[in-house]
Amino acid sequence: MNFFKLPYSKEAFSGHLSKESFDYHYEKHHKAYFDKMVDKLDSLGWKDLSIEDVIVKSYSNDDFLFNNAAQYWNHCFFWNSISPEKNEVSSSFKAQVEKDFGSLESFLKEFKAAASSLFGSGWAWIVFNKKADKLEILKTSNAANPLVMEGVVPICVVDVWEHAYYIDYRNDRVSYLDQVLSVLNWKFMSENYDSIKNNNGKAC
Ligand code: FE2
């Protein structure tokens, strides 16, 4: 397994997220989770498993491996959930957002409220609940993620660990969220939604 490669340069979000924030968040925090996971996978002889299988198999019996593997996957998904290029929401995903939240604006408002109110460290997700046939906002603490939850599939995620914003915004999570939500990758979200609807899901 190779460490995730950013789909853009570390300078790409200048004005929103600094290069220095990527030096720490991507190259140090994210990489540390990967390195710890790989060491443990080597010791278990699990290095040929997919990251998703590692997360599911470790969930109930190996906190160390689950936390590092899930944090690794969550960050990959987060880097894909933002884009330096403005891109368009698909008509199908837009229709689902409008059905479930009223409008794109109210969707963003609710997402920001959830992310800003999450206690401690964690992640704010947009997931698709297959049984209810609707989009939902989900908050998870620490490394927890939807891959081990029944019936929900992730569409996008925002990192609300303080390590995501201490370089650029000190302790000001709301200012960080204003910037991150302004660069959401609508193409990635739309593709994930369409993949779920076509029954083949999508990983990081
Ligand atoms: Fe992070």
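Given the structure is predicted, the values throughout are model-derived calculations rather than measurements.

Asker: Please clarify how the coordination of the iron ion should be interpreted in this entry.
Answerer: Looking at the metal site, the iron ion is ligated by His 25 (NE2), His 75 (NE2), Asp 159 (OD) and His 163 (NE2), spaced 1.9 to 2.1 Å from it. Sequence spacing among the residues donating to the iron ion works out to H-x49-H-x83-D-x3-H. Within this pair, whereas His 75 is found in helix H3 (residues 63-81), its partner His 163 is found in the loop between strand E3 (152-159) and helix H6 (166-169), the two being separated by 88 residues in sequence. Look at His 75 and you get buried, because its relative accessible area is 0%.

Asker: Before we go on, may I ask you to explain helix H8 (residues 186-197) in this structure?
Answerer: Every α-helical turn comprises 3.6 residues, leaving residues that sit three or four positions apart pointing alike. If you check H8, its first and last C-alpha atoms are 16 Å apart, about what 12 residues at 1.5 Å a residue would give, namely 16 Å. For H8, the full list of buried residues reads Trp 186, Phe 188, Met 189, Ser 190, Asn 192, Tyr 193, Ser 195 and Ile 196. Looking at the buried positions of H8, the neighbouring elements they touch are H3, helix H4 (91-101), helix H5 (104-117), strand E1 (122-129) and E3. In the segment just after H8, Asn 199 is the residue with positive phi, at about 65°.

Asker: Honestly, empty space enclosed by the protein in this entry has me stumped. Any pointers?
Answerer: Any empty space left between atoms is shown by rolling a water-sized probe over those atoms. Inspection of every chain in the model, using the stated rule, returns 1 cavity of 30 Å³ or more. Of the voids in this model, the largest cavity is the one considered here, and its volume is about 40 Å³. Around the largest cavity, the lining residues are Leu 17, Ser 21, Phe 22, His 25, Phe 78, Trp 79 and Ala 164. For the lining of the largest cavity, the elements supplying multiple residues, two or more each, are helix H1 (19-44) and H3. Ranked by the residues each element gives to the lining of the largest cavity, the list is headed by H1, at 3 residues. Its residues assigned to classes, the lining of the largest cavity comprises 5 nonpolar, 2 polar and no charged.

Asker: Is there a simple way to explain the pairing of E1 in this structure?
Answerer: E1 sits mainly inside the fold: 8 of its 8 residues count as buried. Neither face of E1 is open: one carries Gly 122, Ala 124, Ile 126 and Phe 128, the other Trp 123, Trp 125, Val 127 and Asn 129, and all of them are buried. With 8 bridges connecting them, E1 and strand E2 (residues 134-141) associate as antiparallel partners. Within E2, the position partnered with Phe 128 by the bridge is Leu 135. Here E1 hands over to E2 after 4 residues, with Asp 133 in that stretch at a positive phi of 55°. With 7 bridges joining them, E1 and E3 adopt antiparallel strand pairing. Each residue of the ladder has a partner; that of Asn 129, found in E3, is Val 152.

Rules of the game
Residues numbered from 1 in each chain as written. Predicted model: local features only at pLDDT ≥ 70, side-chain atom pairs only at ≥ 80, totals over all residues. Heavy atoms only, no water. Donors = N, O, S within 2.8 Å, 3.2 Å for Na, K, Ca; no water. Helix = DSSP H or I, 4+ residues; strand = E, 2+ residues; numbered from the N terminus. Buried < 20%, exposed > 50% of the residue type's maximum accessible area, 1.4 Å probe, protein only. Expected span 1.5 Å × (residues − 1). Contact = heavy atoms within 4.5 Å. 1 Å grid on protein atoms, 1.4 Å probe; cavity = no way out; pocket = protein on both sides within 12 Å on 5 of 7 lines; lining within 4 Å. Points joined across faces, edges and corners; volume = space filled by probe spheres on them. Nonpolar A, V, L, I, M, F, W, Y, C, P; charged D, E, K, R; others polar. Pairing = 2+ DSSP bridges.

Any functional reading would require information beyond the geometric quantities listed.
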